[in-house]
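# Reading the structure
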Amino acid sequence: MILQADNIHKSFGRLEVLKGISLSVEKGEILAIMGASGAGKTTLLQILGTLSSPDSGSLLIDGTDALALKGDKLTRFRGSRIGFVFQANHLLPEFTAAENVMIPAMIAGEGQKQARRKALSLLEQLGLPERADHKPSELSGGEQQRVAIARALVNDPAIVFADEPTGNLDSATKQEIHKVFLDLRERTGQTIIIVTHDPELGALCDRCLKMKDGLFV
(Lines give C-alpha, C1' and ligand atoms only; values in the text may rest on other atoms or scores of the structure.)
Protein backbone atom coordinates (compact mmCIF):
# COMPACT_ATOMS: atom_id res chain seq x y z
CA MET A 1 0.00 0.00 0.00
CA ILE A 2 1.60 3.27 -1.09
CA LEU A 3 -1.12 5.58 0.31
CA GLN A 4 -3.70 5.13 3.07
CA ALA A 5 -6.06 7.96 4.00
CA ASP A 6 -8.69 7.45 6.70
CA ASN A 7 -11.69 9.57 7.64
CA ILE A 8 -10.44 12.83 6.10
CA HIS A 9 -12.59 15.85 7.01
CA LYS A 10 -12.13 19.41 5.79
CA SER A 11 -14.31 22.50 6.23
CA PHE A 12 -13.95 26.09 5.13
CA GLY A 13 -15.95 28.10 7.63
CA ARG A 14 -19.39 26.50 7.77
CA LEU A 15 -18.92 24.72 4.44
CA GLU A 16 -17.99 21.07 4.97
CA VAL A 17 -16.08 20.12 1.80
CA LEU A 18 -14.82 16.64 2.76
CA LYS A 19 -17.08 14.55 4.98
CA GLY A 20 -14.97 11.57 6.02
CA ILE A 21 -13.05 10.33 2.97
CA SER A 22 -11.10 7.07 3.22
CA LEU A 23 -8.89 5.80 0.43
CA SER A 24 -6.24 3.12 -0.19
CA VAL A 25 -3.94 3.15 -3.21
CA GLU A 26 -1.65 0.30 -4.25
CA LYS A 27 1.88 0.83 -5.52
CA GLY A 28 1.84 1.09 -9.33
CA GLU A 29 -1.88 1.91 -9.51
CA ILE A 30 -3.32 4.66 -11.71
CA LEU A 31 -6.38 6.02 -9.90
CA ALA A 32 -8.82 8.58 -11.31
CA ILE A 33 -10.98 10.75 -9.06
CA MET A 34 -13.94 12.26 -10.90
CA GLY A 35 -16.97 14.38 -10.03
CA ALA A 36 -18.70 17.67 -10.71
CA SER A 37 -17.15 21.00 -9.80
CA GLY A 38 -17.50 21.58 -6.07
CA ALA A 39 -17.50 17.87 -5.20
CA GLY A 40 -14.25 18.26 -3.23
CA LYS A 41 -11.81 16.62 -5.68
CA THR A 42 -9.13 19.30 -5.70
CA THR A 43 -9.36 19.82 -1.93
CA LEU A 44 -8.82 16.08 -1.47
CA LEU A 45 -5.89 16.06 -3.90
CA GLN A 46 -4.24 18.96 -2.08
CA ILE A 47 -4.55 17.12 1.25
CA LEU A 48 -3.28 13.82 -0.17
CA GLY A 49 -0.37 15.73 -1.71
CA THR A 50 0.40 17.47 1.63
CA LEU A 51 -0.27 20.93 0.17
CA SER A 52 -3.13 21.37 2.66
CA SER A 53 -3.99 19.89 6.05
CA PRO A 54 -7.29 18.20 6.94
CA ASP A 55 -9.29 19.17 10.02
CA SER A 56 -9.12 15.53 11.10
CA GLY A 57 -8.15 12.12 9.77
CA SER A 58 -4.92 10.26 9.03
CA LEU A 59 -2.64 10.00 6.00
CA LEU A 60 0.17 7.50 5.42
CA ILE A 61 2.32 7.93 2.30
CA ASP A 62 4.93 5.29 1.56
CA GLY A 63 4.91 4.29 5.23
CA THR A 64 5.30 7.86 6.56
CA ASP A 65 2.73 9.63 8.74
CA ALA A 66 2.50 12.67 6.46
CA LEU A 67 0.30 14.70 8.83
CA ALA A 68 2.94 14.50 11.57
CA LEU A 69 5.50 16.30 9.42
CA LYS A 70 5.88 20.07 9.83
CA GLY A 71 8.02 22.84 8.40
CA ASP A 72 11.28 21.81 6.74
CA LYS A 73 10.63 18.09 7.29
CA LEU A 74 7.33 18.34 5.40
CA THR A 75 8.94 20.39 2.63
CA ARG A 76 11.73 17.84 2.19
CA PHE A 77 9.29 14.93 2.22
CA ARG A 78 7.05 16.58 -0.35
CA GLY A 79 10.00 17.45 -2.56
CA SER A 80 11.45 13.95 -2.51
CA ARG A 81 8.38 11.67 -2.38
CA ILE A 82 5.62 13.55 -4.20
CA GLY A 83 5.35 14.88 -7.77
CA PHE A 84 2.71 17.28 -9.07
CA VAL A 85 1.26 17.93 -12.52
CA PHE A 86 -1.30 20.73 -12.83
CA GLN A 87 -3.71 21.86 -15.54
CA ALA A 88 -1.59 24.98 -16.03
CA ASN A 89 1.91 23.57 -16.41
CA HIS A 90 3.58 26.34 -14.32
CA LEU A 91 6.81 26.10 -16.31
CA LEU A 92 9.15 29.04 -15.69
CA PRO A 93 9.28 30.94 -18.99
CA GLU A 94 12.86 32.20 -18.66
CA PHE A 95 14.29 28.67 -18.32
CA THR A 96 14.68 25.92 -20.91
CA ALA A 97 12.78 22.63 -20.75
CA ALA A 98 15.80 20.88 -19.23
CA GLU A 99 16.33 23.64 -16.67
CA ASN A 100 12.66 23.51 -15.63
CA VAL A 101 13.01 19.76 -15.02
CA MET A 102 16.31 20.24 -13.15
CA ILE A 103 14.99 22.75 -10.62
CA PRO A 104 13.30 20.31 -8.17
CA ALA A 105 16.35 18.03 -8.26
CA MET A 106 18.69 20.91 -7.44
CA ILE A 107 16.39 22.10 -4.64
CA ALA A 108 16.61 18.55 -3.26
CA GLY A 109 20.41 18.80 -3.21
CA GLU A 110 21.48 17.25 -6.52
CA GLY A 111 24.53 18.76 -8.22
CA GLN A 112 23.94 20.60 -11.48
CA LYS A 113 25.57 17.95 -13.69
CA GLN A 114 23.63 15.08 -12.12
CA ALA A 115 20.36 17.05 -12.23
CA ARG A 116 20.91 17.79 -15.92
CA ARG A 117 21.66 14.12 -16.66
CA LYS A 118 18.41 13.09 -14.98
CA ALA A 119 16.46 15.85 -16.77
CA LEU A 120 17.80 14.89 -20.20
CA SER A 121 17.10 11.20 -19.56
CA LEU A 122 13.48 11.96 -18.58
CA LEU A 123 12.93 14.27 -21.56
CA GLU A 124 14.24 11.53 -23.83
CA GLN A 125 11.90 8.97 -22.24
CA LEU A 126 9.00 11.37 -22.82
CA GLY A 127 9.90 11.90 -26.47
CA LEU A 128 11.47 15.35 -26.17
CA PRO A 129 15.25 14.87 -26.51
CA GLU A 130 15.56 17.53 -29.21
CA ARG A 131 13.49 20.06 -27.22
CA ALA A 132 15.63 20.13 -24.06
CA ASP A 133 17.13 23.56 -24.77
CA HIS A 134 13.89 25.18 -25.93
CA LYS A 135 12.00 27.58 -23.68
CA PRO A 136 8.31 26.95 -22.92
CA SER A 137 7.16 29.59 -25.44
CA GLU A 138 8.84 27.49 -28.17
CA LEU A 139 6.94 24.32 -27.21
CA SER A 140 3.43 23.12 -28.05
CA GLY A 141 0.87 22.65 -25.28
CA GLY A 142 1.43 18.89 -25.28
CA GLU A 143 5.20 19.33 -25.17
CA GLN A 144 4.90 21.76 -22.27
CA GLN A 145 2.80 19.27 -20.32
CA ARG A 146 5.32 16.49 -20.99
CA VAL A 147 8.06 18.76 -19.61
CA ALA A 148 5.85 19.31 -16.53
CA ILE A 149 5.48 15.52 -16.16
CA ALA A 150 9.26 15.10 -16.41
CA ARG A 151 9.68 17.76 -13.72
CA ALA A 152 7.24 15.84 -11.47
CA LEU A 153 9.31 12.66 -11.94
CA VAL A 154 12.83 14.01 -11.51
CA ASN A 155 13.10 13.15 -7.80
CA ASP A 156 11.70 9.61 -8.23
CA PRO A 157 8.50 10.28 -6.25
CA ALA A 158 6.43 7.61 -4.56
CA ILE A 159 3.28 9.17 -6.05
CA VAL A 160 2.51 11.65 -8.82
CA PHE A 161 -0.64 13.73 -8.28
CA ALA A 162 -2.17 15.20 -11.45
CA ASP A 163 -4.92 17.85 -11.24
CA GLU A 164 -6.83 18.09 -14.56
CA PRO A 165 -3.62 17.38 -16.51
CA THR A 166 -5.37 17.43 -19.89
CA GLY A 167 -7.87 20.20 -19.12
CA ASN A 168 -6.19 22.80 -21.36
CA LEU A 169 -5.40 20.49 -24.28
CA ASP A 170 -7.14 19.65 -27.56
CA SER A 171 -8.47 16.14 -28.10
CA ALA A 172 -5.45 14.82 -30.05
CA THR A 173 -3.00 16.19 -27.48
CA LYS A 174 -5.12 14.80 -24.63
CA GLN A 175 -4.71 11.31 -26.07
CA GLU A 176 -0.95 11.87 -26.29
CA ILE A 177 -0.79 12.77 -22.58
CA HIS A 178 -3.06 9.84 -21.67
CA LYS A 179 -0.52 7.55 -23.37
CA VAL A 180 2.33 9.19 -21.45
CA PHE A 181 0.72 8.30 -18.11
CA LEU A 182 0.02 4.71 -19.16
CA ASP A 183 3.53 4.24 -20.57
CA LEU A 184 5.02 5.63 -17.35
CA ARG A 185 3.25 3.06 -15.24
CA GLU A 186 4.16 0.21 -17.60
CA ARG A 187 7.82 1.24 -17.77
CA THR A 188 8.50 2.37 -14.19
CA GLY A 189 5.59 1.18 -12.02
CA GLN A 190 4.84 4.80 -11.12
CA THR A 191 1.79 5.36 -8.88
CA ILE A 192 -0.42 8.15 -10.27
CA ILE A 193 -3.55 9.77 -8.79
CA ILE A 194 -5.45 11.92 -11.28
CA VAL A 195 -8.29 14.36 -10.68
CA THR A 196 -10.10 14.76 -13.98
CA HIS A 197 -13.36 15.71 -15.68
CA ASP A 198 -12.27 13.68 -18.72
CA PRO A 199 -14.26 10.41 -18.90
CA GLU A 200 -11.87 9.05 -21.54
CA LEU A 201 -8.92 9.47 -19.18
CA GLY A 202 -10.94 8.06 -16.28
CA ALA A 203 -11.78 4.96 -18.33
CA LEU A 204 -8.09 4.29 -19.03
CA CYS A 205 -7.17 4.23 -15.33
CA ASP A 206 -7.04 1.08 -13.22
CA ARG A 207 -9.77 2.43 -10.98
CA CYS A 208 -12.12 5.41 -11.11
CA LEU A 209 -13.73 6.83 -7.96
CA LYS A 210 -16.53 9.39 -8.22
CA MET A 211 -17.06 12.14 -5.67
CA LYS A 212 -20.26 13.95 -4.82
CA ASP A 213 -20.80 16.42 -1.98
CA GLY A 214 -17.53 15.54 -0.24
CA LEU A 215 -17.86 11.76 -0.32
CA PHE A 216 -17.16 8.90 -2.72
CA VAL A 217 -20.30 7.47 -4.32
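Look up a bit, the structure's there.
Residues numbered from 1 in each chain as written. Predicted model: local features only at pLDDT ≥ 70, side-chain atom pairs only at ≥ 80, totals over all residues. Heavy atoms only, no water.

## Side note on the packing of helix α3 (residues 97-107) against helix α4 (residues 112-125)
Formally: Only the stretch in contact is used when fitting a helix axis, every axis being a line fitted to C-alpha atoms; angles between N-to-C directions are given from 0 to 180 degrees. In this description a helix means any DSSP run of H or I spanning at least four residues, a strand means any run of E spanning at least two, and both kinds are numbered starting from the N terminus. Reported orientations rely on four angle classes, namely roughly parallel under 35 degrees, roughly antiparallel over 145, roughly perpendicular from 65 to 115, and oblique for the rest. Crossing handedness is defined as follows: a turn of the near helix away from the far one that is anticlockwise and smaller than a right angle gives a left-handed crossing, while the clockwise case is right-handed. Residue contacts are defined here by distance: any two heavy atoms, one from each residue, within 4.5 Å place the two residues in contact. Think of it as three bins: nonpolar holds Ala, Val, Leu, Ile, Met, Phe, Trp, Tyr, Cys and Pro, charged holds Asp, Glu, Lys and Arg, and polar takes everything else, Gly as well.
At a closest axis distance of 8 Å, the pairing of α3 and α4 adopts a crossing angle of 125 degrees. By the angle class used here, α3 and α4 are oblique. When the axes of α3 and α4 are compared, the crossing they make is right-handed. Of the residues in α4, those in contact with A97, A98, V101, M102, A105 and M106 of α3 are Q112, A115, R116, A119, L120, L122 and L123. Considering only residue class, the contact of α3 with α4 consists of 11 nonpolar, 1 polar and 1 charged.

## Examining the environment of G109
Our working rule: Remark: exposure states derive from per-residue accessible area (1.4 Å probe, protein chains only) relative to the maximum for the residue type, with buried under 20%, exposed over 50%, and partly exposed in between.
You can see G109 is positioned in the loop between α3 and α4. Taking the relative accessible area as the measure of exposure, G109 reaches 62% and is therefore exposed. Measuring from C-alpha to C-alpha, the distance between G109 and S58 comes to 29 Å, with 51 residues separating the pair along the chain.

## What about helix α6 (residues 171-188)?
Inclusion rule: By definition here, a helix of n residues has an expected span of 1.5 Å times n minus one. Each direction from the helix axis to a C-beta atom contributes to the arc, which is the arc of those directions. In the analysis that follows, any N or O atom pair within 3.5 Å is treated as a polar contact, provided that within protein one partner can donate a hydrogen and the other can accept it, and provided that, for residues neighboring in sequence, both atoms belong to side chains.
Look at α6: 26 Å from first C-alpha to last across 18 residues, which is about the 26 Å you get at 1.5 Å a residue. All of the buried residues along α6 are T173, I177, H178, V180, F181, L184 and R185. Down the axis of α6, the buried side of the element spans an arc of 150 degrees, and every buried residue falls inside it. Projecting away from the buried face of α6 at angles above 90 degrees are the exposed residues S171, A172, K179 and E186. For α6, the elements touching its buried residues are β3 (30-34), α5 (141-153), β7 (159-163), β8 (191-195) and α7 (199-204). Taking the backbone nitrogen of A172 as reference, a side-chain oxygen 3.2 Å away marks D170 as the first, capping residue of α6. Positive backbone phi, at 75 degrees, marks G189, one or two positions downstream of α6.

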